[in-house]
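Take a look at the letters that make up each chain.
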Amino acid sequence: MSKRYYFDHAATTTLDSEVFQAMEPFFQDKFGNPSSIYQEGQQAERALTEAREKVQQMINAADSREIIFTGSGTEADNLAIKGAAMARMDRGNHIITSKTEHHAVLHTCEFLEKHLDFEVTYLPVDEEGLIDLQELEEAIRPDTILITIMTANNEIGTIQPIFRIAEIAGEHDIYFHTDAVQAAGQLEIDVQQSGVDLLSLSAHKINGPKGVGALYVKKGTRLLPQMQGGAQERKRRASTENVPGIVGFGKAAELAVKRLPEKRQKLIKFRDRIIDTVLDEISEVRLNGPRGDQRLPNNVSFCFRYIEGESILLNLDMLGIAASSGSACTSGSLDPSHVMLSLGLSHEVAHGSLRISMGYSTTEEEVDYLLENLPSVIQKLRDMSPLYEG
Ligand code: PLP
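Now for a quick tour of the structure.

1. Details of the pattern of salt bridges
Moving on, step 1. Considering all chains together, one arrives at 21 salt bridges under this definition.
Moving on, step 2. As a salt-bridge pair, Arg-259 and Asp-16 come within 2.8 Å of each other at their nearest N and O atoms. With Arg-259 in helix H9 (residues 243-281) and Asp-16 in the loop between strand E1 (5-6) and helix H1 (17-23), this pair connects stretches of sequence that are 243 residues apart.
Moving on, step 3. Glu-348 is the salt-bridge partner of Arg-305, the closest N and O atoms lying 2.9 Å from each other. Pair noted here: Arg-305 is in the loop between strand E10 (299-304) and helix H10 (309-318) and Glu-348 is in helix H12 (residues 347-350), with a separation of 43 residues, a long-range link.
Moving on, step 4. Taking relative accessible area as the criterion, Glu-348 reaches 32% and is therefore assigned partly exposed.
Moving on, step 5. Members of the salt-bridge network, linked through shared partners, are Lys-269, Arg-273, Glu-364 and Asp-368.

2. Notes on the layout of surface pockets
Moving on, step 1. Estimated volume of the second largest pocket: approximately 280 Å³.
Moving on, step 2. In this structure, the second largest pocket is lined by 15 residues; those nearest its centre are Thr-151, Ile-159, Phe-163, Leu-187 and Glu-188.
Moving on, step 3. Residues that form the lining of the second largest pocket fall into these classes: eight nonpolar, three polar and four charged.

3. Here's the deal with the site of the ligand
Moving on, step 1. Thr-74, Asp-179, Gln-182, Ser-202 and Lys-205 are the nearest of the 13 residues found near the ligand.
Moving on, step 2. One nitrogen or oxygen atom from the main chain of Gly-73 is found 2.8 Å from an oxygen atom belonging to the ligand.
Moving on, step 3. A distance of 2.7 Å separates an oxygen atom of the ligand from a polar side-chain atom of Gln-182.
Moving on, step 4. Bound to the protein, the ligand loses 87% of the 390 Å² it would expose on its own.
Moving on, step 5. Per-element accounting of the shell around the ligand gives the leading share, three residues, to helix H3 (residues 73-87).

4. Quick word on a nonpolar patch on the surface
Moving on, step 1. Residues Met-89, Phe-111 and Leu-116 make up a contiguous nonpolar surface patch of roughly 240 Å² in combined accessible area.
Moving on, step 2. By the secondary structure assignment, Phe-111 is in helix H4 (residues 103-116).

Rules behind the numbers
- Within any chain, residue numbers begin from 1 and follow the written order of that chain's sequence.
- Residues qualify for local features only when their pLDDT is at least 70, as the model is predicted, and side-chain atom pairs are given and counted only at 80 or more; totals for whole chains, interfaces and linings, by contrast, use all residues.
- Only hydrogens and water are set aside when side-chain values are computed; all heavy atoms of the structure are taken into account.
- Whenever a carboxyl oxygen of Asp or Glu lies within 4 Å of a side-chain nitrogen of Lys or Arg, that contact is scored as a salt bridge.
- Helix numbers and strand numbers start at the N terminus; a helix is a DSSP run of H or I with at least 4 residues, a strand a run of E with at least 2.
- Relative accessibility thresholds used throughout: buried, under 20% of the residue-type maximum; exposed, over 50%; partly exposed, between the two (1.4 Å probe, protein chains only).
- Grid points spaced at 1 Å over the protein atoms alone were grouped into cavities, where a 1.4 Å probe fits but cannot get out, and pockets, open sets with protein on both sides within 12 Å along at least five of seven lines, with lining residues defined by an atom within 4 Å of a point.
- Grid points are joined across faces, edges and corners, and a volume is the space filled by probe spheres set on the points.
- As a working rule, the residues Ala, Val, Leu, Ile, Met, Phe, Trp, Tyr, Cys and Pro are called nonpolar, Asp, Glu, Lys and Arg charged, and the rest polar, with Gly in that last group.
- Only a single heavy atom is needed: when it lies within 4 Å of a molecule or strand, its residue is near that molecule or strand.
- Here a polar contact is taken to be a pair of N or O atoms separated by no more than 3.5 Å, where protein atoms must pair a possible hydrogen donor with a possible acceptor and residues adjacent in sequence count only if both atoms sit in side chains.
- Exposure was quantified through the Shrake-Rupley algorithm and a 1.4 Å probe, taking into account, for residues, occlusion by the shown protein chains and nothing else.
- Each patch is built from residues lacking any salt bridge and having more than 30% relative accessible area; the joining distance is 9 Å for like charges and 5 Å for nonpolar side chains (Val, Leu, Ile, Met, Phe, Trp, Tyr).

Don't take any of this as a statement about function, it's just geometry.
In structure tokens form, the structure reads like this:
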């Protein structure tokens, strides 16, 4: 394949070679089941403990036993929301979330509404994707048992005021879950300082393997397991652990902590350069999400008027650039993303979305190439668009 320019690190990241090396022995030589009491099992169990401590350190949890390994970020979200909601049904059946959550959260809330008679309030967001804390407080009812609001948005990079939300939830004795899948490796996460009760992570967004996630559960938080089976993960997540994957997650977490300050500084520079150049060189474009500290360092999202995000992607792909649009293709029709629509954008504007997301491996040369090519791709597509009049 000719040279590729990868700008979709929010979808998934490359597996770091150090992570791969750490995982490799656990596919063959160190094959034991961590639940077995003989040496092979104990070796695997020790590897799990080490990985758990590394994930604990990444989020500054008080105790490594507060980390439950899962099969993905999606599973961590499901376990957190269904597990906490079902464990607290004696206290109420109301959940608060936001309209811009990932589908792993939104569809889980919808499931609880449909099948278990929960009631869910979906908070709106402002034009930059932020929830309003006043509206959050007003939405709280005596029967509210759980608030689930993401740390940072996967499409537009908006960072929510997690510390304040945790404070408000705590004042009302409501559990607070946050999906930190996109925030990990980009922002410092400190569960003790922020006071969240539940926090979801995914390894493949931080240069780890796919198919591994984790849920942080603060000591004392009630959680009903969602899978019935063995006693793994202190009876909170049955099934034999994915040892190579978890070892890889641990290594990725260790590297993420070590690399964070340098990576953050580099990506903020690239991010702001892309935003400034595009707003300067291309007309009729909207930046989605805020600027500055309220935005993830690795995320840039635009809507280009008069053209379709999908055609931008195809044209960039032909030039070797991999990026993403906010829209999902559902049963043959192109539905604009729920996140874009929640910002108050029309369907037409929402359709022209492009997400550029960067990672540890992103280089200045790649950013140069993107910026050399993006304006001409947009112009070419506009020249062909019946909606565009120049
Ligand atoms: N939550 C957010 C915010 C995400 O961006 C993603 C993945 O894109 C997930 C959850 C799901 O994670 P996983 O792919 O590990 O299931």
